[in-house]
Amino acid sequence: MKSDDLRAQFLEFFRERGHTVERSDTIVPSNDPTLLFTSAGMVQFKPYYTGEVPVPYRRAATSQKCLRAGGKANDLDEVGKTARHLTFFEMLGNFSFGDYFKREAIQWGWEFSTQVLKFPAEKIWVSVYEDDDEAYDMWANEIGVSTSRLVRLGAKDNFWGPAGDTGACGPCSELLFDKGAHIDPNADPDNDPNERFLEFWNLVFPQFDQQLDGSRPQLKNRGIDTGMGLERIAAILQGVDTVFDTDGIIPIIRATESLTKTKYTDNPVPFRVIADHARALSFMIADGILPGNEGRGYVLRRLLRRAARFGRELGFEKPFLHAVSGTVVDLMSHHYPELAEGRTRIEKIIQTEEERFGSTLARGMDLLEDLFASLDKDGRKTIPGEELFKLYDTFGFPMDLTKDIAEDRGYEMDTEGFEAAMDRQRTQARSAWAGSGQEAVPPVYRKLHDELGETHFAGYESTETQSVIQAIIVDGVRVEHAREGQAAEFIFDQTPFYAESGGQVGDTGTIECVGGNAHVTDVRKRVGKMFAHAAKVASGELRVGDSVKLSISASARRATEAHHSATHILQAALQNVLGDHVHQAGSLVAPDRLRFDFTHFEGIGEERLQDIERLANDYIRQDVPVSTQQMALDDARKAGAMALFGEKYEDVVRVVTMGDFSMELCGGTHVPRTGVIGYCKILTETAVSSGVRRIEAVCGEPCVEALQLRDRQLSRTAQMLSASPDALEERVCALVEDNKRLMREVDKWKQAAATGASVDYLSRVQEISGVKVLAAEVDGQDGKGLRMVLDKLRDQLGSGVVVLGSVDGDKVALCAGVTKDLTGRIKAGDIVQRVAPIVGGGGGGRPDMAQAGGKDPAKLPEAIQQAPGIVAELLG
């Protein structure tokens, strides 16, 4: 059975049983601020269970696109390593809102599995929540599942939810397919290291409503929430070993395979990771998520960079993921049309982001390999914090990738040393030199510039021009024509398109002629003032010499103009409030926002930031004309026009003036009057580097959207905290103070329990080579608590060495301390580097105090027992 057939048969099965078949919700939850992504089919229905909104129907069925790559639901680290884990997957589900309950869900689950999917009954195992006698009885006595295949499990496996911090939750029954005793004759669903059992359907019985305070009142509409992994079912039906070998994913792997000389069977993990991440990226971008440094945007960027890193294992040195994403669109857009609608955007965003990351990845991987070789030579397994910082700060290599690669190769990271280096960096000024970039220009553009000269820019006066195609470049090669579907760069004699410069992004728009048309996505000055228009041919063919009509996107241009004029006004307001030392240090002007970097040597307080925003909007409301004129450079400077430091200007410059408050040298496009901007709202003020600050702001329609978003967030937060928006700050402050007070109380009780009179640690002190040594286990302490205990015991010891360990959940915390008088003979960092591997960990620190973590709590007694011997060896 193909995946498409499986999806269709599932939905039809439940349609016949009175279910409304709903479309998949987006990956960005539309009604749940506690979730990063839609991680289950029931997310869009959460309000129906709780009774927050009227229920339009009592039964529903969906095929929901899901993402588990961040927040509470996160399978990222398992992808490629197991046969079943994915970040993006489709979840088939049937739902009941105050209608049928366990009996019907169990009966239909069994009927679909055995009669539609034709699974042999003896191949299906069932797990139930340990206290759910009702479900156990139904499976055993009504369905007839043998008790030898019916197991009770705890809350970790068989109590589901909520999706997020609040909402519907309850016990569940899981259906598992037994792939055969030959895989592991001793396995059962609770102990299955070799993946003999594949969970394929989870029947959740939501009957509780999880609250923020942890309480679980009964749901208003108890019901049913089931989730069946489409890819997992397909794997069983198609007789393949992993979800990656199903018809829904293997074509993506084959597409990747066609781009490299490595075969899937020779090194499957990178192919699997790339296929999974390409699916996730395509759907995220189609649903409006863009790369960024926080939240969903950061997860997207991390997935892309992780896939690119695995691509290097297959020999990819250039961007390739955008090509793989095309296969995702081809494969899945018939059911998810948003993929086809966003095809160009998906490929462009992925390619652009991958190109930016390419140089960082290549250099970072080479440096890591050199670092691993150096560590191996010295017999070390912990990457020093200074080296981690160098990779991150100097070479821009992401820490999460370093962590992934290090763990894969069996290395630990000195995160404490890294944080110390980061703290030092924040207090030091850093200098950088920016080259001209001329050497990076491919020869084809230089030759074209020599032949064709400058492009006449007509965009100050018009949004459309009649032009002639002078040259076409495809993949760095000059060609005579570009056909439908082809991406190319076009050079014209004149253009209304603004080319990216001065922080202002290039225009977008269209190229039209008798023979075809194309969509312009970017415009750049490749050499001098020769404009190269990046575009994709939408239909027909465009040839050198064709007469064309060039049209920019007028709405995007107007929005960009508003943001550009706002940066000038913002600089004037900053100088007025902060002083004349403020100068522009960089900017980004786009249709949706502006980013303005400026010289200033400290953070700006809230009140002063509001003064700056208020003054900027005073200037805007003056509604003065924005005038431009050509002037000799010297005359412009004498008149007081602001110039960018480090910028090289021609003898004749363009001066943009706004009333009596702003005069700048600028080649960008602007509004005709300041009042057209509407309103400028400062969103953030942050540090870029020592001596440089950054403001991000929005104007016009994006400003309205930002303010409305903040209103929604404020209202939702107030609602979650049962407070009015006016009382929200007071409510949050009270909660924070309560939490701090409780944490202090917990810390005091934990320390008292660990060092009280009931535990005589000093009786365990040994003397080794004239040094007092104390090695002991401490109950119930995390790293912070262990440090507090160590400080107290070290003080009591007076002079000596203390080594402590504690089990913290499923991990181990280790701490070593050396009194100041002995750090010349023995160092705490050397101790933990020897002790930590015993518990499967690593760490480091200062000569007088060092910490480490471990993954094997069972080995802690052995580690503590060996600690005195390790100290003796180090003392010599």
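Along the protein chain, the regular secondary structure elements total 24 helices and 37 strands. The C-alpha atoms of the protein chain give 32 Å as radius of gyration, which agrees with the globular expectation for 876 residues (29 Å, within 12%). On the principal axes, the C-alpha backbone points of the protein chain span a range of 85 × 80 × 60 Å. Burial statistics for the protein chain: of 876 residues in total, 51% are counted as buried. Pairs at least 24 apart in sequence give 68% of the contacts found in the protein chain among residues at least 6 apart. Summed over its atoms, the accessible surface of the protein chain is roughly 40300 Å², and 47% of this surface lies on carbon and sulfur atoms.

All right, on to a negative patch on the surface then. A cluster of acidic residues, Glu606, Glu607, Glu729 and Glu730, forms a negative patch at the surface. Of all the secondary-structure elements, those providing two or more residues to the negative patch are helix H18 (606-621) and helix H21 (728-755). Along the chain, Glu607 falls in helix H18.

Direction of pairing for strand E21 (residues 509-513) relative to strand E22 (residues 516-527): antiparallel, over a ladder of five bridges. In the strand pairing of E22, Glu512 is matched with Asn517. Once E21 ends, the chain turns through two residues before running back antiparallel as E22. Both E22 and strand E23 (residues 530-543) contribute to a ladder of ten bridges, which runs antiparallel. Residue Val527 lies in a different strand from E23, and its bridge partner there is Met530. Where E22 folds back onto E23 in an antiparallel hairpin, the turn is made up of two residues, including Gly528, whose phi is positive at roughly 55°.

Taken together, the three strands give an open sheet; going across it, the order is E27-E28-E29, and neighbouring strands pair in antiparallel fashion. At either end of the open sheet lies a strand with only one pairing partner, and these are strand E27 (626-632) and strand E29 (662-665). When the angles between neighbouring strand axes are averaged without regard to direction, this sheet yields 25°. For strand E28 (residues 652-658) and E29, the ladder comprises four bridges, and the chain directions are antiparallel. Pairing of Met658 across the sheet is with Ser662, part of E29.

On to the packing of helix H1 (residues 3-15) against helix H3 (residues 102-116), then. Running from N to C, H1 and H3 cross one another at 135°; their axes reach a closest spacing of 12 Å. Relative to H3, the element H1 is oriented oblique. Crossing of H1 over H3 shows right-handed handedness. Here H1 contributes Leu6, Gln9, Phe10, Phe13 and Phe14 to the contact with H3, which in turn contributes Trp108, Glu111, Phe112 and Val116. Classifying every residue of the contact of H1 with H3 gives seven nonpolar, one polar and one charged.

In this model, Glu195 sits at a positive phi of 60°, which is unusual for a non-glycine residue. Mapped onto the fold, Glu195 is located in the loop between strand E9 (167-178) and strand E10 (197-204). On the basis of relative accessible area, Glu195 is assigned to the buried category, the value being 18%. Notably, Asp475 is not glycine yet its phi reads approximately 55°, a positive angle. In this structure, Asp475 sits in the loop between strand E16 (464-474) and strand E17 (477-479).

Running from amino to carboxyl end, helix H17 (residues 554-578) crosses H18 at an angle of 130°, the nearest separation of the two axes being 9 Å. Looking at the two axes, H17 sits oblique to H18. Crossing hand, H17 versus H18: right-handed. In this structure, H17 uses Ile569, Leu570, Ala572, Ala573, Leu574, Asn576, Val577 and Leu578 to contact H18, whose residues at the interface are Arg608, Asp611, Ile612, Leu615, Ala616, Tyr619 and Ile620.

Moving on, we come to the pattern of salt bridges. Under the counting rule described, the total for this entry stands at 49 salt bridges. Across the pair Arg741 and Asp738 runs a salt bridge, and its minimum N-O distance is 3.9 Å. You can see Arg741 and its partner Asp738 sitting in helix H21, three residues apart, about one turn around the helix. The residue Arg846 makes a salt bridge to Asp848 at a minimum N-O spacing of 3.1 Å. Overall, Arg846 belongs to the partly exposed group, its relative accessible area being 44%. Residue Asp848 is classed as buried on the basis of its relative accessible area of 10%. Taken together, the shared-partner salt bridges connect Arg23, Lys65, Asp287 and Glu338 into one network.

Averaged over every residue, the pLDDT of the protein chain is 88; residues scoring 70 or more account for 94%. Scored below 50 in pLDDT, residues 428-440 makes seven contacts in the model with residues more than four places away or belonging to other chains.

What follows deals with the pairing of E28. Of all seven residues making up E28, six are buried, and the element is well covered by its neighbours. The pairing of E27 with E28 spans seven bridges and is classified as antiparallel. Pairing of Ser627 across the sheet is with Thr657, part of E28. Linking two consecutive strands that pair antiparallel, namely E28 and E29, is a turn of three residues; a positive phi of about 55° is found at Gly659 within it.

What follows deals with H3. Helix length check: H3 (15 residues) gives 20 Å between terminal C-alpha atoms against 21 Å at 1.5 Å per residue, within 8%. Just beyond H3, the residue with positive phi is Lys118, at close to 65°.

Overall, mixed pairing links the six strands, which are arranged E32-E33-E34-E35-E37-E36 in an open sheet. Only two strands of the sheet have a single neighbouring strand rather than two, namely strand E32 (766-768) and strand E36 (842-845). With strand direction ignored, the average angle separating the axes of adjacent strands in the sheet is 20°. Pairing geometry for strand E35 (residues 811-818) and strand E37 (residues 849-854), over six bridges, is antiparallel. What sits directly across from Cys815, in E37, is Gln851.

Helix length check: helix H22 (residues 783-797) (15 residues) gives 21 Å between terminal C-alpha atoms against 21 Å at 1.5 Å per residue, within 8%. Turning to H22, its buried residues are Gly785, Leu786, Val789, Leu790, Leu793, Arg794 and Leu797. The buried residues of H22 all sit within an arc of 165° when viewed along its axis, so they share a single face. A positive backbone phi angle near 85° is found at Gly798, which sits one or two residues after H22.

Counted according to the given criterion, the structure contains 33 aromatic pairs. Between Phe10 and Phe14 the ring centres are 4.9 Å apart and the planes differ by 50°, which places this aromatic pair in the tilted class. Remark: Phe14 and Phe10 occur in helix H1; sequence separation between them is four residues, near one turn of the helix. Taking the relative accessible area as the measure of exposure, Phe10 reaches 0% and is therefore buried.

The rules behind the values
Residues numbered from 1 in each chain as written. Predicted model: local features only at pLDDT ≥ 70, side-chain atom pairs only at ≥ 80, totals over all residues. Heavy atoms only, no water. Helix = DSSP H or I, 4+ residues; strand = E, 2+ residues; numbered from the N terminus. Rg over C-alpha atoms; globule rule 2.2 N^0.38 Å. Buried < 20%, exposed > 50% of the residue type's maximum accessible area, 1.4 Å probe, protein only. Contact = heavy atoms within 4.5 Å. Areas by Shrake-Rupley, 256 points an atom, 1.4 Å probe, with all protein chains shown as cover. Patch = residues over 30% accessible without salt bridge, like charges linked within 9 Å, V, L, I, M, F, W, Y side chains within 5 Å. Salt bridge = Lys/Arg side-chain N within 4 Å of Asp/Glu carboxyl O. Lys, Arg positive; Asp, Glu negative; His and termini not counted. Charge placed at Lys NZ, Arg CZ, Asp CG, Glu CD. Pairing = 2+ DSSP bridges. Axes fitted to C-alpha atoms, helices over the stretch in contact; angles between N-to-C directions. Parallel < 35°, antiparallel > 145°, perpendicular 65-115°, else oblique. Left-handed = near helix turned anticlockwise from the far one by under 90°. Nonpolar A, V, L, I, M, F, W, Y, C, P; charged D, E, K, R; others polar. pLDDT = per-residue confidence, 0-100. Expected span 1.5 Å × (residues − 1). Arc of directions from axis to C-beta. Phe/Tyr/Trp six-rings, centres within 6.5 Å; stacked < 30°, edge-to-face > 60°.

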